[in-house]
Amino acid sequence: SGLIPGRVKENMLALATSPRFRDMVIRDYLSLFDTERQTQFAAMTFVYKKEFAYVGFRGTDTSITGWRENFNMAYASPVPAQEQALRYLEAIASHLPRRLLVGGHSKGANLALYAALRASADAQDRIERVYAHDGPGFKDGVFSPDDWQRLDGRIHRTVPQESVIGMLMESHAPLRVVRSTERGLMQHSPFSWEVEGDDFAYVDGLADNAKFTDSLLTEWLARYSDEEAAAIVDALFKAVEASGAQNATEVFFGGPRTVALVAEAAKKIDGAARDTLLGALGSLAELATRHVAQGFVGKFAPKGS
């Protein structure tokens, strides 16, 4: 499963034959999928010789339902998968070695952080590290500065140079930038992340286009209340369904084609939803044009003394 199932299978077989990883036990697998509740969740735990356990949360699959839950995070918290992540961690913690690691990639990173930040004091004290790999943050106000402070120094947040998904919404954890062999959204695949020795290969900072996209989306999302964002997301997924797409990645990983594809599909949905979605897309296009123009002017403006 996942965005690149072939690579996931190859990696699993490699881990099973690796002297370093083959003695790990995989246990407590749980997968939940509910279209009506807009829920997609999966987790499993890896235990190494009773020494430590890694509680891993899976990212988004290719389903429309999985992606709908992701978008719901922009205006609602907790979403069902976040609640389930906390229940999962609390339920299994007492059956695991004392040393706990928690982590995930993409949506899985968000779930790992949510569970760790909301965990009981007993479970939270046992967490040595939370690995958040290119995962979105949380809507404003979900966690207080004190919540983040309790895990200070224990959150290892990584994003690729041209990260989009890992820069969405609010996160107070410092980030490290990983060098990727891909470009744009395809950098989201961890199989493109370069490794040096026993760690990732890091670079000094985000690429300019990642900073541009982060600034653009942050300003765009700030324009809408939770109710307005909910209406936009609902209209977006009506358009996705009208497009006939069976695989969410056909839409959301379409690069520059994504906005055009959604706008075209919007013509097939009812008037109110169509107007809501096209209005939001128009707002995004207007902001993007302004940001590009400001960047162009800034580049050629005379430098102050």
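Right above here is the structure, for reference.
Residues numbered from 1 in each chain as written. Predicted model: local features only at pLDDT ≥ 70, side-chain atom pairs only at ≥ 80, totals over all residues. Heavy atoms only, no water.

## Brief notes about the layout of surface pockets
Part 1 of the argument: Its volume calculated, the largest pocket comes out at about 2200 Å³.
Part 2 of the argument: Taken together, 47 residues line the largest pocket, and the ones lying closest to its centre are N11, L15, F46, Y54 and H133.
Part 3 of the argument: At the level of elements, α1 (5–17), β1 (25–34), β2 (39–48), β3 (52–57), β4 (99–105), β5 (127–133) and β9 (199–200) are the ones that each hand at least two residues to the lining of the largest pocket.
Part 4 of the argument: Within the lining of the largest pocket, the residues separate by chemical class into 25 nonpolar, 15 polar and seven charged. (1 Å grid on protein atoms, 1.4 Å probe; cavity = no way out; pocket = protein on both sides within 12 Å on 5 of 7 lines; lining within 4 Å. Points joined across faces, edges and corners; volume = space filled by probe spheres on them. Helix = DSSP H or I, 4+ residues; strand = E, 2+ residues; numbered from the N terminus. Nonpolar A, V, L, I, M, F, W, Y, C, P; charged D, E, K, R; others polar.)

## Observations regarding the environment of I127
Part 1 of the argument: Mapping I127 onto the fold places it in strand β5.
Part 2 of the argument: Ignoring sequence-local partners within four residues, the contact set of I127 consists of L89, L100, V102, A116 and R154. (Contact = heavy atoms within 4.5 Å.)

## A closer look at the nonpolar core
Part 1 of the argument: Membership of the largest hydrophobic core comes to 35 residues, with the highest contact counts inside it found for F41, V55, F57, L113, V130, F138 and W148.
Part 2 of the argument: Elements represented by at least two residues in this core include exactly β2, β3, α3 (80–93), β4, α4 (107–118) and β5.
Part 3 of the argument: Beyond its immediate stretch of four places on either side in the chain, V130 contacts V102, A112, L113, A116, L151, R154, I155 and H156.
Part 4 of the argument: L236, A245, A248 and L277 belong to the second-largest nonpolar core, a separate cluster that totals 21 residues. (Core = buried A, V, L, I, M, F, W, Y, C linked by side-chain atoms within 4.5 Å. Buried < 20%, exposed > 50% of the residue type's maximum accessible area, 1.4 Å probe, protein only.)

## Describing the pairing of β1
Part 1 of the argument: Note: β1 against β2, eight bridges, orientation antiparallel. The residue of β2 that forms the bridge with F33 is Q40.
Part 2 of the argument: Counting the residues between successive antiparallel strands, the hairpin from β1 to β2 contains four residues, one of them, Q38, with a positive phi of roughly 55 degrees. (Pairing = 2+ DSSP bridges.)

## A short note on empty space enclosed by the protein
Part 1 of the argument: Applying the stated rule across the entire model yields three cavities of 30 Å³ or more.
Part 2 of the argument: What lines the largest cavity is simply L113, A132, D134, G135, P136, G137, R157, G166, L168, M169 and S171.
Part 3 of the argument: When its residues are assigned to classes, the lining of the largest cavity shows five nonpolar, four polar and two charged.

## Looking at the packing of aromatic side chains
Part 1 of the argument: Considering all chains together, one arrives at 15 aromatic pairs under this definition.
Part 2 of the argument: One aromatic cluster is present, built from ring pairs that chain together Y114, F138, F143 and W148.
Part 3 of the argument: Against the face of Y202 rests R176, its NZ or CZ located 3.6 Å from the ring centre. (Phe/Tyr/Trp six-rings, centres within 6.5 Å; stacked < 30°, edge-to-face > 60°. Lys NZ or Arg CZ within 6 Å of the ring centre and 35° of its normal.)

## Notes on the sheet that holds strand β7 (residues 175–178)
Part 1 of the argument: One open sheet holds the eight strands; their spatial order is β1-β2-β3-β4-β5-β6-β7-β10, and the pairing between them is mixed. Looking along the sheet, the strands with just one partner apiece sit at the ends: β1 and β10 (202–203).
Part 2 of the argument: Contacts from α4 reach β2, β3, β4, β5 and β6 (155–160) within the one sheet, and its direction differs from that of β4 by about 145 degrees. (Axes fitted to C-alpha atoms, helices over the stretch in contact; angles between N-to-C directions.)

## Description of α4
Part 1 of the argument: Between its first and last C-alpha atoms α4 spans 16 Å; for 12 residues at 1.5 Å apiece the expected length is 16 Å, and the two agree.
Part 2 of the argument: Taking burial as the measure, the 12 residues of α4 include 11 buried ones, the bulk of the element.
Part 3 of the argument: Buried within α4 are the following residues: K107, G108, A109, N110, L111, A112, L113, Y114, A115, A116 and L117. (Expected span 1.5 Å × (residues − 1).)

## Brief notes about unusual backbone geometry
Part 1 of the argument: Omega for the bond connecting S77 with P78 falls within 30 degrees of zero, at 0 degrees, which places this linkage in the cis form.
Part 2 of the argument: Among the secondary structure elements, P78 is positioned in the loop between α2 (64–72) and α3.
Part 3 of the argument: For Q38, which is not glycine, the phi dihedral falls at a positive 55 degrees.
Part 4 of the argument: With respect to the helices and strands, Q38 occurs in the loop between β1 and β2.
Part 5 of the argument: Q38 sits in the partly exposed class, given a relative accessible area of 25%.
Part 6 of the argument: Positive phi is not limited to glycine here, since S106 has a value of about 65 degrees.
Part 7 of the argument: Tracing the sequence through the fold places S106 in the loop between β4 and α4.
Part 8 of the argument: For S106, a relative accessible area of 8% corresponds to the buried category.

## Focus on the pairing of β5
Part 1 of the argument: Across six bridges, the pairing between β4 and β5 is parallel. Within β5, the residue paired with L101 across the bridge is R129.
Part 2 of the argument: Note that β5 and β6 share four bridges and pair parallel. Bridging from a neighbouring strand, Y131 pairs with H156 of β6.

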